[in-house]
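# Observations on the three-dimensional arrangement
If you want the building blocks of each chain, they are given just below.
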Amino acid sequence: MPKEARPTTGEQAKQHALGQLRQAILQGEMAPAQRLVENELAEQFGVTRASIRAALIDLEAQGLVERIRNRGSRVRVVTVQEAVAITECRMVLEGLCAAKAAVAAGDEQLTELADLGEAMRKAVAEGEPVTYSDLNHRLHDRIREISGQQTAVELLERLNAQLVRHRFQLALRPGRPQQSLNEHLAMIDAIRARDPQAAEAAVRAHLAGVIEALQD
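Residues numbered from 1 in each chain as written. Predicted model: local features only at pLDDT ≥ 70, side-chain atom pairs only at ≥ 80, totals over all residues. Heavy atoms only, no water.

## Some details on helix α9 (residues 176-192)
The following threshold applies: Under the DSSP-based scheme used, a helix requires at least four consecutive residues in state H or I and a strand at least two consecutive residues in state E, with every element numbered from the N terminus. Multiplying 1.5 Å by the residue count of a helix minus one yields the expected span of that helix. Throughout, exposure labels follow a simple rule: accessible area from a 1.4 Å probe, protein chains only, divided by the maximum for the residue type, with under 20% read as buried, over 50% as exposed, and the rest as partly exposed. Contacts: residue pairs with any heavy atoms within 4.5 Å of one another.
When the terminal C-alpha atoms of α9 are compared, their 25 Å separation across 17 residues agrees well with the 24 Å that a helix rising 1.5 Å per residue should span. Residues of α9 that are buried include every one of R176, P177, S180, L181, H184, L185, M187, I188, A190 and I191, and no others. Buried positions along α9 lie against α4 (80-104), α5 (107-125), α6 (129-147), α8 (164-171) and α10 (196-215).

Quick look at the structure:
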């Protein structure tokens, strides 16, 4: 949004600040434990301090920001223990989505998943971990979309937002893409076979591997 078109007050201003802050945190532009100074953010985003404060309250509810008494707000630090607990919850919800997707997917959607699998295989073969990580996220997102389980999707969006730093670190760990590739291909194969039980089991196996990697 051009600077002159930015809303300065009210709900639109809060939503503008909220969107910009959330994106900056999720993309790693704001690091864990980084202080979030209301005056600076208000000037940066062209809104009032009240709009920034309201946006920070929403981000706190989403688990992305923490407010420290007498010290203001900062980007929340998610510990390894918390990341493991979140991933355990993901196992249930992602497994449900995969099972639903195995039943709901049409032929075009199954072909799309197969194409994603081939792209992931190519990225690993060519040693492109960042590309593989992006495809990994696209695959999980697409399975959730195909599932039609909107409640699970909304819960997962909040959980996954808190794992950005850990997921990025895992993606760049030497050998990690090779380890997870077969797990993702198993998920795709089970969904394409329209086997909900196998799809759920494949997702759980994959996320069990994520938990093991987090604890290493």
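Text resumes after the structure shown.
## Thoughts on α5
The periodicity of an α-helix, 3.6 residues per turn, causes residues three or four positions apart to be oriented the same way. Compared with the 27 Å implied by 1.5 Å per residue over 19 residues, the 27 Å span of α5 between its first and last C-alpha is a close match. All buried positions along α5 are accounted for by L110, L113, A114, L116, G117, M120, A123 and V124. Buried residues in α5 make contact with α6 and α9. A positive backbone phi angle near 65° is found at G127, which sits one or two residues after α5.

## Quick notes on the environment of E29
The topology assignment puts E29 in the loop between α1 (10-26) and β1 (35-36). Since its relative accessible area comes to 56%, E29 is described here as exposed. Apart from residues no more than four positions distant in its own chain, E29 is found in contact with A24 and Q34.

## Digging into the confidence of the model for the protein
Rules: Confidence per residue, as judged by the predictor, is encoded in pLDDT with a range of 0 to 100.
Looking at the protein, pLDDT values average 89 and 96% of them are 70 or higher. No element of the protein has a lower mean pLDDT than α8, at 75, and none a higher one than α5, at 97.

## Quick look at the pairing of strand β3 (residues 72-75)
What counts is decided by this rule: For two strands to be treated as a pair, DSSP must find no fewer than two bridges joining them.
Taken together, the two bridges between β1 and β3 define a ladder with antiparallel strand orientation. Along β3, the bridge assignment pairs L36 with S73. Of the strand pairs in this sheet, strand β2 (residues 65-68) and β3 are connected by four bridges, and their pairing is antiparallel. Bridge assignment links R67 to a residue of β3, and that residue is S73. The turn linking β2 back onto β3 is made up of three residues, and N70 within it adopts a positive phi angle of 65°.

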